[in-house]
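Secondary and tertiary structure notes
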Amino acid sequence: MSFKDLKLNKPLLRAIAESGYDNPTLVQEKTIPLVLDKKDVIASAQTGTGKTAAFALPILQLLYDKQNEGKSGKKTRALIVSPTRELAIQINENFNRYSKYTNLKSAVVFGGASIEPQKEIIKKGIDILIATPGRLLELHKQDLINLSFIETIVLDEADVMLDMCFIDDVIKIELLCTDQIQ
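Source: prediction; values computed, not measured.

Analysis parameters
Residues numbered from 1 in each chain as written. Predicted model: local features only at pLDDT ≥ 70, side-chain atom pairs only at ≥ 80, totals over all residues. Heavy atoms only, no water. Helix = DSSP H or I, 4+ residues; strand = E, 2+ residues; numbered from the N terminus. Core = buried A, V, L, I, M, F, W, Y, C linked by side-chain atoms within 4.5 Å. Buried < 20%, exposed > 50% of the residue type's maximum accessible area, 1.4 Å probe, protein only. Contact = heavy atoms within 4.5 Å. Arc of directions from axis to C-beta.

Another point: the environment of Ile173. Residue position: Ile173 is located in helix H8 (residues 167–176). Along the chain, Ile173 and Leu137 lie 36 residues apart, while their C-alpha atoms are 7.3 Å from each other.

Below, the structure written as structure tokens:
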């Protein structure tokens, strides 16, 4: 199977090819079609098997297909919650790599760093937000992040978040999103 077989659009296929990937991994092959069909997915795979691309690529595809709907300012429509800033930064790098031939914008917010530059990026408008739970809730309390337009949420390394006692934050975040999230 190739990435073309997964029915990804040309801008994504170009970015994937430039990243040096020819064929999807097993987790990507199994996951991407389900996410594109707007199914809820729980996936587990070894480190290095392409789990980030397994959710990033279909999210980018779905957002790309709808990016011209309503031009009244960008609304954040995808949220990826990460347990650590290092992972959040890595996820954002992946989104930037795969979305380079689209107009889709992502941003990463996390604690342990100045909040002001993060506020400025969010105010400009983004499609995809990658965040650690604490900073996400802090920005929401300040009315800088509106989660009511979120269509897709990813809890990356959910087991680690549970181990780190983020369960209450994750529940709060989910409750701030619409009932119609994937």
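On we go.
This brings us to the nonpolar core. Membership of the largest hydrophobic core comes to 27 residues, with the highest contact counts inside it found for Leu8, Ile80 and Phe95. Going through the elements one at a time, helix H1 (10–18), helix H3 (51–65), strand S1 (78–81), helix H4 (85–98) and strand S3 (128–131) are the ones with two or more residues in this core. By residue number, the principal contributor to this core is H3, which donates seven residues. If we skip the residues at most four places from it in the chain, Phe95 touches Phe55, Ala56, Ile59, Leu60, Ile80, Ser106, Ile128 and Ile130. Counting 22 residues, the second largest nonpolar core, distinct from the first, contains Val109, Ile126, Leu129 and Phe166.

Below, the discussion takes up the side chain of Thr132. Looking at the secondary structure, you find Thr132 in the loop between S3 and helix H6 (133–141). Residue class for Thr132 comes out buried when judged on its relative accessible area of 9%. Contacts of Thr132, omitting those with residues within four sequence positions, involve Ser82, Pro83, Thr84, Arg85, Val109, Phe110 and Gly111.

On to H8. Taken together, the buried positions of H8 are occupied by Asp169, Val170 and Ile173. Seen end-on, H8 carries its buried residues on one side only, within an arc spanning 100°. What points out from H8, more than 90 degrees from its buried face, is the exposed set Asp168 and Leu175. Residues of H8 that are buried in the fold lie against S1, H6, strand S4 (152–155) and helix H7 (158–163).

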